[in-house]
Amino acid sequence: MGTEFDPAFIQAPEHRPKPTILEAQGIPLIDLSTGPIDDLAKEIGDACRKWGFFQVINHGVSPESRRKIESAAREFFAWPQEEKMRVKRDEVRVLGYYDTEHTKNVRDWKEVFDFVVEDPTIVPASVDADDQRVTTWHNQWPDQNPHVLREACEEYGREVEKLSIKLMELIAISLGLQANRFNDFFKDQTSFIRLNHYPPCPNPHLALGVGRHKDAGALTILAQDDVGGLEVKRKSDGEWIRVKPTPHAFIINVGDIIQVWSNERYESVEHRVMVNSERERFSIPFFLNPAHYTMVKPLEEMTDDQNPPKYKAYNWGKFFTTRKGSNFRKLDVENIQIYHFKVSK
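Remember, it's a predicted structure, so these values are computed and weren't measured experimentally.

A. Layout of the overall build of the protein. Scanning the protein from N- to C-terminus turns up seven helices and 16 strands. Counting over 345 residues, the protein shows a buried share of 52%. In the protein, the proportion of contacts linking residues at least 24 apart, taken out of those at least 6 apart, comes to 76%. Here the protein has roughly 16,600 Å² of accessible surface; of this, 50% comes from carbon and sulfur atoms.

B. Structural view of the nonpolar core. With 74 residues, the main nonpolar core has Phe113, Leu167, Ile171, Phe182, Leu195 and Trp261 as its most contacted residues. If sequence neighbours within four positions are ignored, Phe113 has contacts with Phe76, Phe77, Val87, Gly96, Tyr97, Gln140, Trp141, Leu149, Ile193, Arg194 and Leu195.

C. A look at the pattern of salt bridges. This structure, assessed with the given rule, holds 25 salt bridges. Salt-bridge contacts for Lys42 lead to Asp46; the nearest nitrogen and oxygen are separated by 3.0 Å. Of this pair, Lys42 and Asp46 both sit in helix α2 (residues 37-50), four residues apart, which is roughly one turn of that helix.

D. Region of interest: unusual backbone geometry. Geometrically, the link from Asp119 to Pro120 is a cis peptide bond, its omega value of 5° lying close to zero. Even without being a glycine, Asn58 presents a positive backbone phi close to 50°. Locating Asn58 in the fold gives a position in the loop between β2 (53-57) and α3 (63-77). Residue classification places Asn58 among the buried residues on the basis of a relative accessible area of 3%. Even without being a glycine, His248 presents a positive backbone phi close to 70°. Following the sequence through the fold, His248 ends up in the loop between β11 (240-242) and β12 (250-254). Judged by its relative accessible area of 57%, His248 falls in the exposed class.

E. Spotlight on the packing of aromatic side chains. Taken as a whole, this structure holds 19 aromatic pairs when the rule is applied. The interplanar angle of 45° and the centroid separation of 5.7 Å between the aromatic rings of Phe115 and Trp141 together place this pair among those described as tilted. Taken as a pair, Phe115 in strand β4 (residues 111-116) and Trp141 in the loop between β6 (134-137) and α5 (146-174) lie far apart in primary sequence, 26 residues in all. Accessibility assignment for this pair places Phe115 and Trp141 in one class, buried. In this structure, Arg89 is placed above the aromatic ring of Tyr98, and the distance from its NZ or CZ to the ring centre is 3.5 Å. Above the ring of Trp240, the side-chain terminus of Arg272 is found at 4.1 Å from the ring centroid.

F. Molecular detail of the environment of Val227. Its location among the elements puts Val227 in the loop between β9 (219-224) and β10 (230-233). Note on Val227: relative accessible area 16%, which makes it buried. The spatial distance from the C-alpha of Val227 to the C-alpha of Glu280 is 7.7 Å, given a sequence separation of 53 residues.

How each quantity is defined
Residues numbered from 1 in each chain as written. Predicted model: local features only at pLDDT ≥ 70, side-chain atom pairs only at ≥ 80, totals over all residues. Heavy atoms only, no water. Helix = DSSP H or I, 4+ residues; strand = E, 2+ residues; numbered from the N terminus. Buried < 20%, exposed > 50% of the residue type's maximum accessible area, 1.4 Å probe, protein only. Contact = heavy atoms within 4.5 Å. Areas by Shrake-Rupley, 256 points an atom, 1.4 Å probe, with all protein chains shown as cover. Core = buried A, V, L, I, M, F, W, Y, C linked by side-chain atoms within 4.5 Å. Salt bridge = Lys/Arg side-chain N within 4 Å of Asp/Glu carboxyl O. Phe/Tyr/Trp six-rings, centres within 6.5 Å; stacked < 30°, edge-to-face > 60°. Lys NZ or Arg CZ within 6 Å of the ring centre and 35° of its normal.

Next up, the structure:
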């Protein structure tokens, strides 16, 4: 995945909006083609502290790759339901298709297709802390015209993975760390990509596209269409702020793992998706996740006598598979969250 930040990765500059426009939009918009690197890292660090979210342009992901996966997603979700259900996910095959009609979470108004970036992906065989066995997750690809969807997804996955590592290097620099500080965590990554389709909702006041939540992984890179609907809970006052779609931009948010690694220098922020009564909406989030054997805990560089660790270490693979398992069976207890590992004062 590389160990040094490469400025040549970023595309040529575009016209950069004035700061007053950025502030009016709310979520910071950052041009990754500008330098020097330390200034870029500072911009990203400021956005992580104040918002937990930012947008990027001139990010290096080719417009053609994004166009292909968006087109393939639209084609897939337009198929008859019985065709999509041939690749439905279940407790054994956790990747593939599902919709809210066939899940317990009826409040969310959407249908989804999940696939992992590394196929197969190695994960724990069970959530039992003493069980050291591992298993593999494999992608499911449809029989109908499979190459179009698969090739578009795999190509896009490779490109957005490169962007995610570059962003993690900038985040590392912003925290005063070496650029490659996080890279080893992702050598056997459990990252995955989700294709989202939100049909028009006849009663938008009764449903959400996705309810309020925080992302459990390290970093999320979201491509959304021009319909919009993503709302972020502003840290300064708790108000919900709609993220205006910016052409060709990606929306980035830090997840719970960065909150723990940074010992709460940066925080994962609540967000949700509102549905539309007239237009369908498509979005594609990439969830950057570390290897299953990663013990997530505050980095030593982020702690000292004045700032002791705020979290106990937890195993990412066990955490991740526990969360995934909750999609298929009702838990007797609340779903696992990072605050369960918070160190009591």
